[in-house]
Amino acid sequence: MAGYRKLGRTSSQRKALLRNQVTNLLYHGKIVTTEAKAKEIRRIAEHMIALAVREKDNYETVTVKAKVAQKDKEGKRVKEVVDGKKVTVFDIVDKEIKKEAPSRLHARRQMNKMLYGIKEVPTATAGRKKGTKTIDIASKLFDEIAPKYADRKGGYTRIIKIGPRKGDAAMEVVIELV
């Protein structure tokens, strides 16, 4: 007997489907799907959240010096002429960064192995590259989701049956983060 549901797909299709649905569950907080898919999504999502809860505070804040280009009032880089060439002028500023412990870095890589990246496009410039931002779901897990579940010992998701689907009578459910 298999240790997981095959969902009527090849292994690559099944893995892609589950990755997509787990990513959307963690990004949106709830999704509607079939009961069999939801039970498989739950296994993966709960594992991701457990990893995040375990490693949420495993970092240290470090101050580093960084070079940042000077900008004028229009937002363009300030340039000056040095030896006949135009060169950008830089300022040195202090910047605080999170230095992750090796175990947290490993957990982040395990999450990124299973989750897709999400690009958020603003509605005003839909279809254009300008204004899009990439959302790191692993960071969202560590910063937003893990603190919410820090005192819980599992059971991070809930499956609610909403009835059979009209087309094929498959049982539809809502899977959501508790």
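Above: the structure in question.
These remarks concern the structure in this document.

## Section: the packing of helix H3 (residues 102-114) against helix H4 (residues 137-148)
Link 1 in the chain: Interaxial distance between H3 and H4 falls to 9 Å at its minimum, and their mutual angle equals 130°. Accordingly, the angle class assigned to the pair H3 and H4 is oblique. The two elements H3 and H4 cross, and the hand of that crossing is right-handed. Facing H3, whose interface residues are Arg 104, Ala 107, Arg 108, Met 111 and Asn 112, H4 presents Ala 138, Ser 139, Leu 141, Phe 142 and Asp 143.
Link 2 in the chain: In terms of residue class, the contact of H3 with H4 is made up of 5 nonpolar, 2 polar and 3 charged.

## Digging into the sheet that holds strand S8 (residues 157-164)
Link 1 in the chain: Ordered by their spatial adjacency, 3 strands build an open sheet running S1-S9-S8, and the pairing between neighbours is antiparallel. Looking at which strands have only one partner, the edges of the open sheet turn out to be strand S1 (30-34) and S8. Sheet twist, expressed as the mean angle between neighbouring strand axes with direction ignored, is 25°.
Link 2 in the chain: Direction of pairing for S8 relative to strand S9 (residues 171-177): antiparallel, over a ladder of 7 bridges. Counterpart to Lys 161 in the pairing with S9 is Val 173.
Link 3 in the chain: Relative to S1, helix H1 (residues 11-28) is tilted by about 145°, and along the sheet it contacts S1, S8 and S9.

What counts, and at which threshold
Residues numbered from 1 in each chain as written. Predicted model: local features only at pLDDT ≥ 70, side-chain atom pairs only at ≥ 80, totals over all residues. Heavy atoms only, no water. Axes fitted to C-alpha atoms, helices over the stretch in contact; angles between N-to-C directions. Helix = DSSP H or I, 4+ residues; strand = E, 2+ residues; numbered from the N terminus. Parallel < 35°, antiparallel > 145°, perpendicular 65-115°, else oblique. Left-handed = near helix turned anticlockwise from the far one by under 90°. Contact = heavy atoms within 4.5 Å. Nonpolar A, V, L, I, M, F, W, Y, C, P; charged D, E, K, R; others polar. Pairing = 2+ DSSP bridges.

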